[in-house]
Amino acid sequence: MIALVGVFVLATRAPAHAGENVFIEVRPSTVQAGSRVDIRASCDRNNDRQAEATSDAFGRVVLRPHDDRWGGSDPNANEPDPNGNRADSGFLTGAVTVPPGTDPGDYPVELRCPNGSRASTVLTVLNMTQPSKGPATGGGGTSGGRGPGSLLLVGGLVTAAVAAGLGLFGSRRRPGSP
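Every residue gets a number counted from 1 within its own chain, in the order that chain's sequence is written. With the structure being a predicted model, the display of local features is reserved for residues of pLDDT at least 70 and the display and counting of side-chain atom pairs for 80 or more, all residues being used for whole-chain, interface and lining totals. Only hydrogens and water are set aside when side-chain values are computed; all heavy atoms of the structure are taken into account.

## Examining the sheet that holds strand 1 (residues 22–27)
With mixed pairing, eight strands are arranged side by side in an open sheet as 1-3-6-5-4-7-8-2. Both edges of this open sheet fall to strand 1 and strand 2 (30–32), since each of them pairs with a single strand only. Taking each pair of neighbouring strands and ignoring which way they run, the sheet shows an average axis angle of 25°. Paired strands, as defined in this entry, are two strands with at least two bridges between them according to DSSP. Numbered from the N terminus, helices here are DSSP runs of H or I no shorter than four residues, and strands are runs of E no shorter than two. Only C-alpha atoms enter the line fits that serve as axes; for helices the fit covers just the stretch in contact. Angles between N-to-C directions range over 0 to 180 degrees.

Below, the structure written as C-alpha cells:
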C-alpha cells in the first residue's frame, strides 16, 4: 500500500522545470563605449543549442551552451562556487565588445532561441570621452601678446642688470685706498 501511494505521488508530481524560462541578461548593464559585455541567457529546455543575441549597440553575437565539463563558451565568465560549479552552467553564454564609437543611449538586446522563443533586455552605453590635455589658455604674463606681464618681465631684467652693475662698480677699490 505504501509503495502504491509513493508511486502515485511521484507520478502526479509536477516536473521541476514546468514553466517556460526564457531570459537574457547583460553584465554589466551599463558600460562605457569600448567595453566588454558578458551575456547570459536561457532558452528554456533548448540550452543545449546555440542561440543569437542582437543589438544596435554591438551587432550580432552567438550564444553557446555553457558546460563546465568542456570549459563552456567562456570559462572566465565567473568564478566557480566551493563545489567547483559555475553559476552559468546550463545557460547560454557569450561576450562582445561595444565598439568605441557607439553613441550613448539605451539599446535593446534581443534573444532569439532556436525554438522560436524570444526575450529582451536593455544595455545602456555611455560615451564619456576624456580630454588628452588641458586647453591652451596661456599663462597670464607669458601669453603671446605684449601686455603688462611682458613689461614687468623686461622691467625686472633691467633692474637686475642695473643692480649687478652697481654692485661691481662699488666693489672696485680705488688706487691708494687701504
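From this point on, the discussion continues.
## Comments concerning the nonpolar core
Side-chain atoms within 4.5 Å are what join buried Ala, Val, Leu, Ile, Met, Phe, Trp, Tyr and Cys residues into a set we call a nonpolar core. When accessible area is computed with a 1.4 Å probe and restricted to protein chains, residues below 20% of their type maximum are described as buried, those above 50% as exposed, and intermediate ones as partly exposed. The biggest cluster of nonpolar side chains holds 25 residues, and the ones touching the most others in it are I24, V37, I39, F58, L63, L111 and L123. Counting only elements with at least two residues in this core, the list comes to strand 1, strand 3 (36–43), strand 4 (51–55), strand 5 (59–65), strand 6 (92–97), strand 7 (105–112) and strand 8 (118–126). The greatest single-element share of this core, amounting to four residues, is contributed by strand 3. With residues up to four places along the chain from it excluded, the contact list for L111 reads V22, F23, I24, A41, S42, C43, A51, E52, L63, S117, R118 and A119. Residue contacts are counted whenever heavy atoms from the two residues lie within 4.5 Å of one another.

## Quick look at the state of the cysteines
Any two cysteine sulfur atoms lying within 2.5 Å of each other are counted as a disulfide. Across all of its chains, the model carries one disulfide by this definition. Here C43 engages in a disulfide with C113; their sulfurs sit 2.0 Å apart. As the torsion about the S-S bond is roughly -85°, the C43-C113 disulfide counts as left-handed. Taken together, the positions of C43 in strand 3 and C113 in the loop between strand 7 and strand 8 put the pair 70 residues apart, joining distant regions of the chain. Both residues of the pair, C43 and C113, count as buried.

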